[in-house]
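# Working through the structure, step by step
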Amino acid sequence: MLRDPSTKYRPFPPIDLPDRQWPSRTITRAPRWLSTDLRDGNQALIDPMDAEKKTRLFDLLVQVGLKEIEVGFPSAGATEFDFISGLVKTGRIPDDVAIQVLTQSRRDLIETSFASLAGAKTAIVHLYNAVSPAWRKIVFGMTREQVKQIAIDGAKVLRDEAAKRPDTRWQFEYSPETFSTAELDFSVEVCEAVMDVLQPTPDAPIIFNLPATVECATPNVYADQIEWFGRHIRHRDACVISLHTHNDRGTGVAAAELGMMAGADRVEGCLLGNGERTGNCDLVTVALNLYTQGVDPRLDLSDIDAVVNTIQYCTNLPVHPRTPYAGDLVFTAFSGSHQDAIKKGFAAQGARNDGFWEVPYLPIDPADLGRSYEAVIRVNSQSGKGGVAWVIEQDRGLKLPKRLQADFSRHVQALADETSRELGAADIWGRFEATYLPRPDDRFVLRDYEETGTAGQRLFVGRVAVDGEERSISGRGNGLISGVIAALGETGPNLDVIDYSEHAIGHGADAQAAAYVECRTDDGRIVFGVGLDSDIATASVRAVLSAANRA
Ligand SMILES: CC(=O)SCCNC(=O)CCNC(=O)[C@H](O)C(C)(C)COP(=O)(O)OP(=O)(O)OC[C@H]1O[C@@H](n2cnc3c(N)ncnc32)[C@H](O)[C@@H]1OP(=O)(O)O
Ligand SMILES: CC(C)C(=O)C(=O)O
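Given the structure is predicted, the values throughout are model-derived calculations rather than measurements.

### With respect to the overall build of the protein chain
When helices and strands are tallied, the protein chain shows 17 helices and 14 strands. Taking 2.2 N^0.38 as the reference for a compact globule, 551 residues should give roughly 24 Å; the C-alpha atoms of the protein chain span a radius of gyration of 34 Å, well beyond that estimate. Its C-alpha atoms give the protein chain principal-axis dimensions of roughly 105 × 55 × 45 Å. A burial count over the protein chain gives 51% of its 551 residues as buried. Taking the intrachain contacts of the protein chain between residues at least 6 apart in sequence as the baseline, contacts between residues at least 24 apart amount to 65%. As displayed, the protein chain has an accessible area near 25,400 Å², and 50% of this comes from carbon and sulfur atoms. Positive and negative side-chain charges in the protein chain, numbering 58 and 77 respectively, have mean positions lying 3 Å apart.

### Observations regarding the packing of aromatic side chains
The full count for this structure, using the stated rule, is twelve aromatic pairs. Ring geometry for Phe408 versus Tyr436: centroids 5.9 Å apart, planes at 65°, classification edge-to-face. Linking Phe408 in helix H14 (residues 402-419) with Tyr436 in helix H15 (residues 425-436), this pair joins segments that are 28 residues apart in sequence. Classification of Tyr436 by relative accessible area gives buried; the value is 1%. Each residue in the set Phe346, Trp357, Tyr373 and Trp390 is aromatic and connected to the rest through ring pairs, giving one cluster. Its end group placed over the ring of Tyr313, Arg56 keeps NZ or CZ at 4.2 Å from the ring centre. Positioned above the aromatic ring of Phe186, the side-chain terminus of Arg136 is 4.9 Å from the ring centre.

### Digging into the UniProt feature "binding site: Mg(2+)" (unreviewed entry) in the protein chain
Under the present numbering, the feature "binding site: Mg(2+)" (unreviewed entry) in UniProt falls on Asp40, His244, His246 and Asn280. Separation in sequence by 241 residues is not matched in space for these annotated residues, since their most distant C-alpha atoms are only 10.3 Å apart. Mapped onto the secondary structure, His244 falls in strand S7 (residues 239-245). Looking at His244, the relative accessible area reads 4%, which means it is buried. Beyond its immediate sequence surroundings of up to four residues, His244 is in contact with Thr36, Arg39, Asp40, Asn209, Leu210, Pro211, Ala212, Tyr222, Glu268 and Asn280.

### Looking at the site of ligand 2
Around ligand 2, the structure places Arg39, Asp40, His126, Tyr128, Ser175, Glu177, Asn209, Pro211, Thr213, His244 and His246. Between ligand 2 and His246 there is a distance of 3.0 Å, counted from an oxygen atom to a side-chain nitrogen or oxygen. Coverage of ligand 2 by the protein amounts to 95% of the 260 Å² it exposes when considered alone. Broken down by secondary-structure element, the contributors of at least two residues to the shell around ligand 2 are helix H1 (37-43), strand S4 (122-130), strand S5 (169-177) and strand S6 (206-212). Among the residues making up the shell around ligand 2, the classes are represented as two nonpolar, six polar and three charged.

### Focus on the state of the cysteines
Evaluated as defined, the whole model comprises zero disulfides. Of all cysteine sulfurs in the structure, the one in Cys281 sits closest to Cys216, which takes part in no disulfide; the separation is 17 Å. The class for Cys216 is partly exposed, based on a relative accessible area of 36%.

### Some thoughts on the site of ligand 1
Among the 17 residues in the neighbourhood of ligand 1, the closest are listed as Gln43, Ser105, Arg106, Tyr128 and Glu177. Take Gln43: an N or O atom from its side chain is 2.7 Å from an oxygen atom of ligand 1. Within the side chain of Arg106, an N or O atom sits 2.8 Å from an oxygen atom of ligand 1. For ligand 1, the protein covers 56% of the area, taking 1,000 Å² as the surface of the free molecule. Contributing elements (two or more residues each) for the shell around ligand 1: H1, strand S3 (98-104), S4 and helix H5 (133-140). By residue class, the composition of the shell around ligand 1 is eight nonpolar, six polar and three charged.

### Quick notes on the sheet that holds strand S10 (residues 457-466)
If you trace the three strands from one edge of the open sheet to the other, you get S9-S10-S11, paired in antiparallel fashion. Pairing within the sheet leaves two strands with one partner each, and these edge strands are strand S9 (444-454) and strand S11 (469-477). Pairwise comparison of adjacent strand axes, ignoring direction, gives a mean angle of 15° for this sheet. The strands touched by helix H16 (residues 480-488) are S9, S10 and S11; relative to S11, the strand with the most contacts, the crossing angle is about 130°. Relative to S9, helix H17 (residues 536-550) is tilted by about 130°, and along the sheet it contacts S9 and S10.

### Remarks on the packing of helix H2 (residues 51-64) against helix H3 (residues 78-89)
Closest axis-to-axis distance for the H2/H3 pair is 10 Å, and the angle between their directions is 45°. One element, H2, and the other, H3, form an angle in the oblique class. Between H2 and H3 lies a crossing of right-handed hand. Along the contact surface, H2 presents Ala51, Lys54, Thr55 and Phe58, while H3 presents Glu80, Phe83 and Leu87. Partitioned by chemical class, the residues of the contact of H2 with H3 number four nonpolar, one polar and two charged.

### Side note on the pairing of strand S2 (residues 68-72)
The buried fraction of S2 is high, at five of five residues. With four bridges connecting them, S2 and S3 associate as parallel partners. Across the sheet, residue Glu68 finds its bridge partner in S3, namely Ala98. On the question of chirality, the crossover connecting S2 to the parallel S3 by way of H3 is right-handed.

Each value, and the rule that gives it
- Residues numbered from 1 in each chain as written.
- Chains lettered and ligands numbered in written order.
- Predicted model: local features only at pLDDT ≥ 70, side-chain atom pairs only at ≥ 80, totals over all residues.
- Heavy atoms only, no water.
- Helix = DSSP H or I, 4+ residues; strand = E, 2+ residues; numbered from the N terminus.
- Rg over C-alpha atoms; globule rule 2.2 N^0.38 Å.
- Buried < 20%, exposed > 50% of the residue type's maximum accessible area, 1.4 Å probe, protein only.
- Contact = heavy atoms within 4.5 Å.
- Areas by Shrake-Rupley, 256 points an atom, 1.4 Å probe, with all protein chains shown as cover.
- Lys, Arg positive; Asp, Glu negative; His and termini not counted.
- Charge placed at Lys NZ, Arg CZ, Asp CG, Glu CD.
- Phe/Tyr/Trp six-rings, centres within 6.5 Å; stacked < 30°, edge-to-face > 60°.
- Lys NZ or Arg CZ within 6 Å of the ring centre and 35° of its normal.
- UniProt positions renumbered as here; feature names shortened; annotations may be inferred.
- Near = heavy atom within 4 Å.
- Polar contact = N/O pair within 3.5 Å; in protein donor to acceptor, adjacent residues only side chain to side chain.
- Nonpolar A, V, L, I, M, F, W, Y, C, P; charged D, E, K, R; others polar.
- Disulfide = S-S within 2.5 Å.
- Pairing = 2+ DSSP bridges.
- Axes fitted to C-alpha atoms, helices over the stretch in contact; angles between N-to-C directions.
- Parallel < 35°, antiparallel > 145°, perpendicular 65-115°, else oblique.
- Left-handed = near helix turned anticlockwise from the far one by under 90°.
- Right-handed = clockwise from strand over helix to strand, strands pointing away.

Structure representation (structure tokens):
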């Protein structure tokens, strides 16, 4: 039993912003993205990445289209420093990509950070210090003024170090770390003090990155904080407002989205949400959320499995199968009603053919992310006829008539209950063969046949093994099927065909044919028959014998 939390935890106070504008805004364009996979992501790993993994991840980030990449914390140690200076020296950084490094507001660390970037064409130096009351009190043991001074001192070092290296195009980012748990007026005060030192302009703006270092409130509170900051900061046109959310309450993505609605220009995060504790904002999710609203995210995620594989390799962490857009199971329905709706959705999509995506339960076309439709439906004991029919159709090209789907589904359900596991396409096909297709112990086995006569007066003459004994049988009917039923005569069951359908499987010379019959027996039972053959007429003869065997 959890104890009463009210004596241990305090609720987060609301923000006083009665005329907030963000709730009625929509996001109509992609933000500037910054990947912090190689910094915030890396510092959260059990084993931080080595140079080979960092390089591989850097290349992925470039490939995905990130134009701002935080490549590390140069003063953390030799691995970080050498990787960063190596990136610069080996010319691996495309001209349109700016690398960024993070530093505490300490002279020696800032100097090391600049040194790591020697020779870079363009670079962003990111300075931070925490500003919230708890950090002021617990970590620094300082007053507001003293904490502001940390930021000012660091900004001065930034300015001076940059001035010593005019060949690089420097940009500055300042994070009032713990922004979301700090007094808003104090964050603005500190940021303005940093501005006074660095003198940004609309052409050379400063990036103010406003982190939810630890997520402590609902995402609407973060949006209020961002809107409040944007309205109060001096020279709004000389600053870029950047978001940096964490996922402690599970709403890191939501906070970033509401923050964009509240006026932010830029979003920091990691691909697939790696990062400290519960992770950073998942950039893949934010980007693809935009995509599904018809907004170009300006990130190329068309091969999502390549992203997953590289992230897993570099971080040595698994990607949960339910991770939005990227998990192995996110486009898979096991349950019957979902499968039915998806199958109908694909059929309707094909028939409509207007380009717009509208498939129930699938918010995005898996093909857009390089995923196939094969795994969209998988079968277990929770599945229904639609799902089973989908698998048979995808696997074997058979389009089962609806009542046959229901009949076969009962057989599959029995198998799923027996085995208590997922049934693969091979399991389902095995049960289909055993149920409807010829078996050695069938009563009636077709050897060959001939059909003659005129339209409406057909004569079927066949060689059929009946109970293992070969016989010649013949029968007349107004079509081939009624001829076969007549030929079965006294040896076979009396069948009344109530439904028949057929279709080709595949195209061209290799095309096969499938025929399905639904029959009623004398005693009122319904039996189904299926025939497969390269010849459509033979397929229908086989279908009738299949029903006779089942009867
Ligand atoms: C929210 C974030 O993710 S911030 C990024 C965090 N990432 C990292 O820390 C990864 C890399 N860090 C490191 O390798 C090391 O911490 C280093 C190299 C930066 C510093 O190492 P050290 O000086 O040995 O130790 P440490 O980090 O414990 O230093 C703490 C000191 O820095 C101070 N400090 C912490 N943050 C800052 C800051 N942003 N600006 C200035 N001083 C700071 C602390 O108050 C403390 O001061 P004290 O010693 O007077 O009490
Ligand atoms: C340094 C800042 C941006 C940070 O990583 C955080 O607050 O989470």
